[in-house]
Amino acid sequence: MSKRRTPTSPSKNKRDKYANKMVSVSLPKRPGQTTLTAAQVHSFGQQLAQQQQWSAVIVLMRQLIKQLPQYMDGWYLLFDALREAGDYPEIERTARHCLEFKPRNIPCLLYTSPS
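These figures come from a predicted structure and were not determined experimentally. (Residues numbered from 1 in each chain as written. Predicted model: local features only at pLDDT ≥ 70, side-chain atom pairs only at ≥ 80, totals over all residues. Heavy atoms only, no water.)

### Focus on the overall build of the chain
Stage number 1. When you go through the chain residue by residue, the secondary structure sums to six helices and two strands.
Stage number 2. When its helices and strands are written in sequence order, the chain yields α-β-β-α-α-α-α-α.
Stage number 3. When each of the 115 residues of the chain is scored for burial, the buried share is 38%.
Stage number 4. For the chain, the exposed surface amounts to about 7,800 Å²; the carbon and sulfur share of it is 52%. (Helix = DSSP H or I, 4+ residues; strand = E, 2+ residues; numbered from the N terminus. Buried < 20%, exposed > 50% of the residue type's maximum accessible area, 1.4 Å probe, protein only. Areas by Shrake-Rupley, 256 points an atom, 1.4 Å probe, with all protein chains shown as cover.)

Now the structure itself:
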């Protein structure tokens, strides 16, 4: 009897691949650069979001997506932080920038107004 391989979702593989990429960020209230995986930076951003530190989340996620624009979870957390901060024009600009990397991304398309 041969073993059958269970196909994995390509998007899951890509997501995991990007989550483990190393990025350098400046963390709030900590001098210098810190090198972490994208998933660790995202997790720290989520902790800041739970504390409603939206400006810190925005700065952190911008650093993340600048180095790793393929990491969509960083974009989504940035959108949430911008929404919570009430910066609606910046959400649209950020969504349009995101669409340069993922032209058919539904959340990005939802944040843009028709041209």
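### Points about helix H5 (residues 88–101)
A turn of α-helix holds 3.6 residues, and therefore any two residues three or four places apart point the same way.
Stage number 1. Taking 1.5 Å of rise per residue, the 14 residues of H5 would be expected to cover 20 Å, and the 21 Å separating its terminal C-alpha atoms lies within 8% of that figure.
Stage number 2. Buried within H5 are the following residues: Glu90, Ile91, Thr94, Ala95, Cys98 and Leu99.
Stage number 3. For H5, the secondary structure elements touched by its buried residues are helix H3 (54–67), helix H4 (72–85) and helix H6 (106–110). (Expected span 1.5 Å × (residues − 1). Contact = heavy atoms within 4.5 Å.)

### Some words on the environment of Leu82
Stage number 1. Its place among the elements puts Leu82 in helix H4.
Stage number 2. The buried category is assigned to Leu82, whose relative accessible area is 1%.
Stage number 3. Not counting residues up to four positions away in its chain, the partners in contact with Leu82 are Ile58, Arg62, Asp87, Glu90, Ile91 and Thr94.

### Some details on the confidence of the model for the chain
Stage number 1. The pLDDT averaged across the chain works out to 86; a share of 85% of its residues lies at or above 70.
Stage number 2. Scored below 50 in pLDDT, residues 6–10 shows one contact in the model against residues more than four places distant or in partner chains. (pLDDT = per-residue confidence, 0-100.)

### Looking at a nonpolar patch on the surface
Stage number 1. Taken together, the side chains of Ile106, Leu109 and Leu110 define a hydrophobic patch exposed on the protein surface, amounting to about 320 Å² of accessible area.
Stage number 2. Mapped onto the elements of the fold, Leu109 is located in helix H6. (Patch = residues over 30% accessible without salt bridge, like charges linked within 9 Å, V, L, I, M, F, W, Y side chains within 5 Å. Salt bridge = Lys/Arg side-chain N within 4 Å of Asp/Glu carboxyl O.)

### Digging into the packing of aromatic side chains
Stage number 1. Per the stated rule, a full pass over the model turns up two aromatic pairs.
Stage number 2. Taking 6.1 Å as the distance between ring centres and 40° as the angle between the ring planes, the aromatic pair formed by Trp75 and Phe101 counts as tilted. Pair noted here: Trp75 is in helix H4 and Phe101 is in helix H5, with a separation of 26 residues, a long-range link.
Stage number 3. Classification of Phe101 as partly exposed rests on a relative accessible area of 39%.
Stage number 4. Between Phe79 and Tyr111 the ring centres are 4.9 Å apart and the planes differ by 40°, which places this aromatic pair in the tilted class. Residue Phe79 is located in helix H4, and its partner Tyr111 is located in the segment after H6; the two are separated by 32 residues in the primary sequence.
Stage number 5. A relative accessible area of 26% means that Tyr111 is categorised as partly exposed. (Phe/Tyr/Trp six-rings, centres within 6.5 Å; stacked < 30°, edge-to-face > 60°.)

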